[in-house]
Amino acid sequence: MILHKFSRYHQVLTLSVVSPETLVQAADATDRGTPGRLNRIAEAPVTSHIDAVITLNPAVEDLVPSEALPLQSVSDEIGPSSFPKVLRRRLDKFFADAKISPKADRTMWVKIAAGLTVLVGSWIVIYALKPDSWKFVALYVLSGLAQTFLLLNIAHDSNHNAISSVPSVNKTLNYVFDLCGINSYMWRILHHRGHHSCVNVQGEDDALAGRGILRFTPHEPHKPLHRFQHLYALFLYAVFSLDYVFVRDFESFFFPSHEYLKRTKHPAREYAILFAGKGFYFTYMLLLPVLVLGKSPLLVAGAFVLVHLIVGLTVALVFQTTHTVDSTHFPSSRNEFDNGVYHIFATTADYATSNPIVGWLAGGLNHHIVHHLCPFVCHTHYAPLTRIVKETAEEFGIPYRQHPTMTRAIWHHLILLKQLGNEI
């Protein structure tokens, strides 16, 4: 019974080599309240693909299912093409043997409580004590650090339905994005349809969108200014969240550049949530400190920008160092690999996996290979799963990319930017 229960969380090995059209159709069907289906590559036998079909619950208006249907049992046969099967069995067996849920454990609920407490508490203190300018900025920045923590640790997991098997819990916590000024609905689309389904594929992976200013892949047209991108990239990363708050969300809704966005009809309620969420965010972050506390508009604006420089740089570096480093591969198409698992290993790198502090602060995203193999698993389970991934990859001779520290990962990201900037 336990094995059957945990087979429902078989989201290991589900990258995504499906077309954007399939994903769009599935999400569109879900948005209309009709059954949608997401076809994702789960594993490949010696000669062909096997599709694992994940059926969305028609009662849940969501872009991502909370768990997978039970998949077929895995043979014990070991052969040259059995790596995905063996890895899947071992990852799944971890939860069955330990008799634990792949969703949030006590540590995760403590993180959720801590993050929300610091965010709300900092604002309570601001209004209760009405501190002077410097103390106000310090508390304002503390709230920004709490937002960074919530985005990496809570919002991202809820976006993947990894916190709870109850869809409404994940959806509620997903509004942490809106609390931090980012539209949760659009981020969800871009992250799932425009990244997890096509990692490091030029023109499809939204994470590679450098707006012509940054060149993240050798398939991107080269410009003279790219020669200096390793020097100015960190500054652009620092304004990353400002771009999302003021430009990117509205652009994606009203002036989409991706084909899947152009062909997606967004529900009217999502437009309402977009404007309501932005209005709430700007009100509590900018207007109320001026109108209620009488703070200088310039002081509040300066604190606001400082917070976003911290949020933008932190979040960008946590993600960029997992796919765009000098050791990862940039496929010419989503069909370059026979199996989605090999696509993940070729395009993804881990860092600082033996450092629990980095994992705790970064929401487990330093264990990024496991995240892509098991997107519906809560990140507090990633560390032991990563050990399984390392051991199995070594056993089968599959390259496992990693950096010992986050600093080293950032360095290799900048090396890639310099290489791409010099290549014509």
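Outline the packing of aromatic side chains, supporting the account with residue identities and numerical values.
Any pair of aromatic rings gets described here by the distance separating the centres and the angle formed by the planes. Overall, the coordinates contain 23 aromatic pairs when judged by the stated rule. For the ring pair Trp-123 and Tyr-284, a centre distance of 5.6 Å and an interplane angle of 80 degrees mean the geometry is edge-to-face. With Trp-123 in helix α4 (residues 106–129) and Tyr-284 in helix α12 (residues 268–291), this pair connects stretches of sequence that are 161 residues apart. Trp-123 gets classed as buried once you look at its relative accessible area, which sits at 8%. Plain terms: the ring middles of Phe-149 and Trp-360 are 5.2 Å apart, the flat faces sit at 40 degrees to each other, and that makes the pair tilted.

Account for the confidence of the model for the chain, naming residues and giving values.
Predicted confidence across the chain gives a mean pLDDT of 84, with 81% of residues reaching 70 or more. Within the chain, strand β3 (residues 350–351) carries the highest mean pLDDT (98), whereas strand β2 (residues 50–55) carries the lowest (26). Note on residues 1–77: pLDDT under 50 across the span, and 199 contacts to partners over four residues away in sequence or across chains.

Go over a nonpolar patch on the surface, please, and point to the residues and values.
The grouping of Leu-287, Leu-288, Leu-291 and Val-292 at the surface amounts to a nonpolar patch, some 380 Å² of accessible area in total. Among the secondary structure elements, Leu-288 is positioned in helix α12. On the basis of relative accessible area, Leu-288 is assigned to the partly exposed category, the value being 31%.

Tell me what's going on with the nonpolar core, and back it up with residues and numbers.
Counting residues in each nonpolar core, the largest one holds 54 residues, and the members touching the most others are Tyr-140 and Ile-154. Breaking this core down by element, the ones donating at least two residues are α4, α5 (133–159), α7 (176–179), α8 (184–196), α10 (240–254), α11 (259–262), α12 and α13 (297–323). Tyr-140 has contacts with Trp-123, Ile-126, Met-285, Leu-286, Val-300, Ala-303, Phe-304 and Val-307, leaving out every residue within four places of it along the chain. Among the nonpolar cores identified, the runner-up in size contains 21 residues, and Val-341, Ile-344, Cys-374 and Val-389 belong to it.

Any chance you could break down unusual backbone geometry for me, citing the residues and the numbers?
The phi dihedral of Asn-161 is positive, around 55 degrees, even though this residue is not glycine. Residue placement: Asn-161 occurs in the loop between α5 and α6 (167–174). Notably, Asn-200 is not glycine yet its phi reads approximately 60 degrees, a positive angle. Looking at the secondary structure, you find Asn-200 in the loop between α8 and α9 (229–238).

Which residues make up the pattern of salt bridges, and what values do they have?
For the structure shown, the criterion picks out nine salt bridges. Asp-97 is paired through a salt bridge with Lys-93; the nearest N and O atoms lie 2.6 Å apart. With Asp-97 and Lys-93 both in helix α3 (residues 83–98), this residue pair falls four residues apart, about one helical turn. Look at Lys-93 and you get partly exposed, because its relative accessible area is 45%. Taken together, the salt bridges that share partners define one network made up of Arg-211, Asp-243 and Glu-251.

Just give me the short version of the environment of Pro-221, but keep the residues and values in it.
Here Pro-221 shows up in the loop between α8 and α9. For Pro-221, a relative accessible area of 56% puts it in the exposed group. Contacts of Pro-221, omitting those with residues within four sequence positions, involve Arg-215 and His-226.

Explain the environment of Trp-123 residue by residue, including any values.
In the structure, Trp-123 is positioned 162 residues away from Met-285 in sequence and 9.7 Å away in space, judged by C-alpha atoms. Discounting residues that sit within four places of it in the chain, Trp-123 has contacts with Tyr-140, Ser-143, Tyr-284, Met-285 and Pro-289.

Describe α10, and please don't skip the residues or the numbers.
Across its 15 residues, α10 extends 20 Å between first and last C-alpha, which sits within 8% of the 21 Å expected from 1.5 Å per residue. The largest bend in α10 is about 45 degrees, located at Val-247. Along α10, the residues classified as buried are Ser-241, Leu-242, Tyr-244, Val-245, Arg-248, Asp-249, Ser-252 and Phe-253. Buried residues along α10 sit in contact with α8, α11, α12 and α13.

Describe in detail the layout of surface pockets, supporting the description with residues and values.
Roughly 1,000 Å³ of volume is contained in the largest pocket. What lines the largest pocket is a set of 45 residues, among which Asp-206, Ala-207, Ala-209, Phe-240 and Arg-248 lie closest to the centre. At the level of elements, α5, α8, α9, α10 and α13 are the ones that each hand at least two residues to the lining of the largest pocket. With seven residues, the single largest contributor to the lining of the largest pocket is α10. Of the residues assigned to the lining of the largest pocket, the class counts are 22 nonpolar, 15 polar and eight charged.

Cut-off values and rules
Residues numbered from 1 in each chain as written. Predicted model: local features only at pLDDT ≥ 70, side-chain atom pairs only at ≥ 80, totals over all residues. Heavy atoms only, no water. Phe/Tyr/Trp six-rings, centres within 6.5 Å; stacked < 30°, edge-to-face > 60°. Helix = DSSP H or I, 4+ residues; strand = E, 2+ residues; numbered from the N terminus. Buried < 20%, exposed > 50% of the residue type's maximum accessible area, 1.4 Å probe, protein only. pLDDT = per-residue confidence, 0-100. Contact = heavy atoms within 4.5 Å. Patch = residues over 30% accessible without salt bridge, like charges linked within 9 Å, V, L, I, M, F, W, Y side chains within 5 Å. Areas by Shrake-Rupley, 256 points an atom, 1.4 Å probe, with all protein chains shown as cover. Salt bridge = Lys/Arg side-chain N within 4 Å of Asp/Glu carboxyl O. Core = buried A, V, L, I, M, F, W, Y, C linked by side-chain atoms within 4.5 Å. Expected span 1.5 Å × (residues − 1). Bend = angle between axes of the 7 residues up to and from the residue. 1 Å grid on protein atoms, 1.4 Å probe; cavity = no way out; pocket = protein on both sides within 12 Å on 5 of 7 lines; lining within 4 Å. Points joined across faces, edges and corners; volume = space filled by probe spheres on them. Nonpolar A, V, L, I, M, F, W, Y, C, P; charged D, E, K, R; others polar.

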